[in-house]
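Architecture and fold: a report
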Amino acid sequence: MPNPYAEAGVDTAAGDLAVELMKSAVSATHNASVLGGVGGFAGLYDVSFLKDFSRPLLATSTDGVGTKVAIAQAIDKHDTIGQDLVGMVVDDIVVVGAKPMFMTDYIACGRVVPARIADIVAGIARGCADTGTALVGGETAEHPGLLGPDDYDVAGAAVGAVEASSQLGAHLVQDGDVVVAIASSGLHSNGFSLVRHVLGQRGVGYTDSLPEFGGLVGEALLEPTRLYTTPLLTLLDAFPGAVHSLSHVTGGGIAANLARVLPVGSWVEVDRATWEPLPVFRVLADMAGTPIEDTEGTWNLGIGMFAVVAAAQADEVIASLGAAGMASWSVGAVSMSPRELDGFEQGAKGVDGGAVRLTGAYAG
């Protein structure tokens, strides 16, 4: 019997197969709090433990991966983009001191290719497992005619919880606090419109192999976003009260993201000489014919997170992060002293925060 929906370009059988292929990866993220398993209309999560909180706060975040998906599609490699999604969503939860509980995902595509969808979701599941987050639900939507047969986009949302008295933020930051940078793994998932523009101007393809990229260009650019949630939660438990605020260096670049987690009236000068930008950033800046400093508002240049830390415990925090495999270092200190703030970035994304500027020359 003819299937009008299939004739319109939607293959529900392919969607069912994709669910079967991803089911084991998704189930592996579940803990005793997850009810109902995979495939329900809604995910269920038991939050009875919140009754033990004095004042529980829920934290939520939603994001996507941006145009980095175009590179995954170009080289037909889809098993890392899911980790990028978790990094963009779940690592925003820990910034306020919250422990993530669960996440949902959404994949829109022009055509359901079950193995491709399963690869994407397997990456999401691995990221969720690494961050202690249950993947409790999701949706794969086939949009023929709106998206090309091999086009897709991904998005997700997560929820976490924090005791109100343990919430991190600008309200805790004090004069003299040390700003600790935590290394990124590469571009993460921001600024890829600029990356694609630069490569396009130079006629460089994602399947080209260039020594500057250490091999295939597309594979180098798909280096997954580093996940910070687990080591940061461990740090917060080990040094209660030491970390005052955290900043996830994503869209908007270095200064703007740090300014968002500083109090009004404070300022920081971030010393570029304290680190050497990762090679991929120098290669792309050279291709663009622009000083690397001009990209500070777009790319992370090797810093994925900032922690604003009590000065007396900064060395311990840096050592602890290093022991967890997270290279970190001091880039400056918070000051509340009055001063002229010309040239500083002040607040960002609607937040009236502190002021930040980068000074000096990069190492290397």
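The following paragraphs examine the structure supplied in this document. (Residues numbered from 1 in each chain as written. Predicted model: local features only at pLDDT ≥ 70, side-chain atom pairs only at ≥ 80, totals over all residues. Heavy atoms only, no water.)

Moving on: the environment of G252. Note that G252 resides in the loop between β10 (243-248) and α9 (253-259). Since its relative accessible area comes to 35%, G252 is described here as partly exposed. (Helix = DSSP H or I, 4+ residues; strand = E, 2+ residues; numbered from the N terminus. Buried < 20%, exposed > 50% of the residue type's maximum accessible area, 1.4 Å probe, protein only.)

With that out of the way, let us pick up the environment of G332. By secondary structure assignment, the location of G332 is in strand β13 (residues 328-333). For the pair G332 and E269, spaced 63 residues apart in the sequence, the C-alpha separation amounts to 6.0 Å. With sequence-adjacent residues up to four places away left out, G332 is seen in contact with D177, V178, V179 and E269. (Contact = heavy atoms within 4.5 Å.)

Right, let's talk about the pairing of strand β15 (residues 351-359) for a bit. Sheet analysis places strand β11 (residues 267-271) next to β15, joined by five bridges and oriented parallel. Of the residues in β15, the one forming a bridge with E269 is R357. Examined bridge by bridge, strand β14 (residues 345-348) and β15 share three bridges and lie antiparallel to one another. Bridge pairing in β15 links E345 to V356. Between the antiparallel neighbours β14 and β15 lie two residues, among them K349 with a positive phi of about 50°. (Pairing = 2+ DSSP bridges.)

Locating R116 in the fold gives a position in helix α5 (residues 114-131). Every residue in contact with R116, bar those within four places of it in the chain, is listed here: H78, R111, P149, D150 and Y152.

An ideal rise of 1.5 Å per residue puts 20 Å on 14 residues; helix α4 (residues 81-94) measures up with 20 Å between its terminal C-alpha atoms. At G87, α4 shows its largest bend, some 25°. Residues of α4 that are buried: I81, G82, D84, L85, V86, G87, M88, V89, V90, D91, I93 and V94. (Expected span 1.5 Å × (residues − 1). Bend = angle between axes of the 7 residues up to and from the residue.)

This part is about the environment of T274. Residue placement: T274 occurs in the loop between β11 and α10 (279-288). You can call T274 partly exposed: its relative accessible area is 29%. As for T274 and G218, which are separated by 56 residues in sequence, their C-alpha atoms are 29 Å apart. Apart from the residues within four sequence positions on either side, T274 is in contact with W329, S330 and V331. A distance of 2.7 Å separates a polar side-chain atom of T274 from the backbone oxygen of D271. Polar side-chain contacts of T274 include one of 3.4 Å to the side chain of W329. (Polar contact = N/O pair within 3.5 Å; in protein donor to acceptor, adjacent residues only side chain to side chain.)

As a further point, take unusual backbone geometry. The residue D76 is not glycine, and still its phi comes out positive at about 55°. Looking at where D76 falls in the secondary structure, it is placed in the loop between α3 (68-75) and α4. The phi dihedral of H188 is positive, around 55°, even though this residue is not glycine. Among the residues examined, H188 registers a relative accessible area of 1% and is labelled buried.

On to the side chain of T229. Mapped onto the elements, T229 comes out in helix α8 (residues 229-238). Among the polar contacts listed, one links the side chain of T229 to the side chain of D91, at a separation of 2.5 Å.

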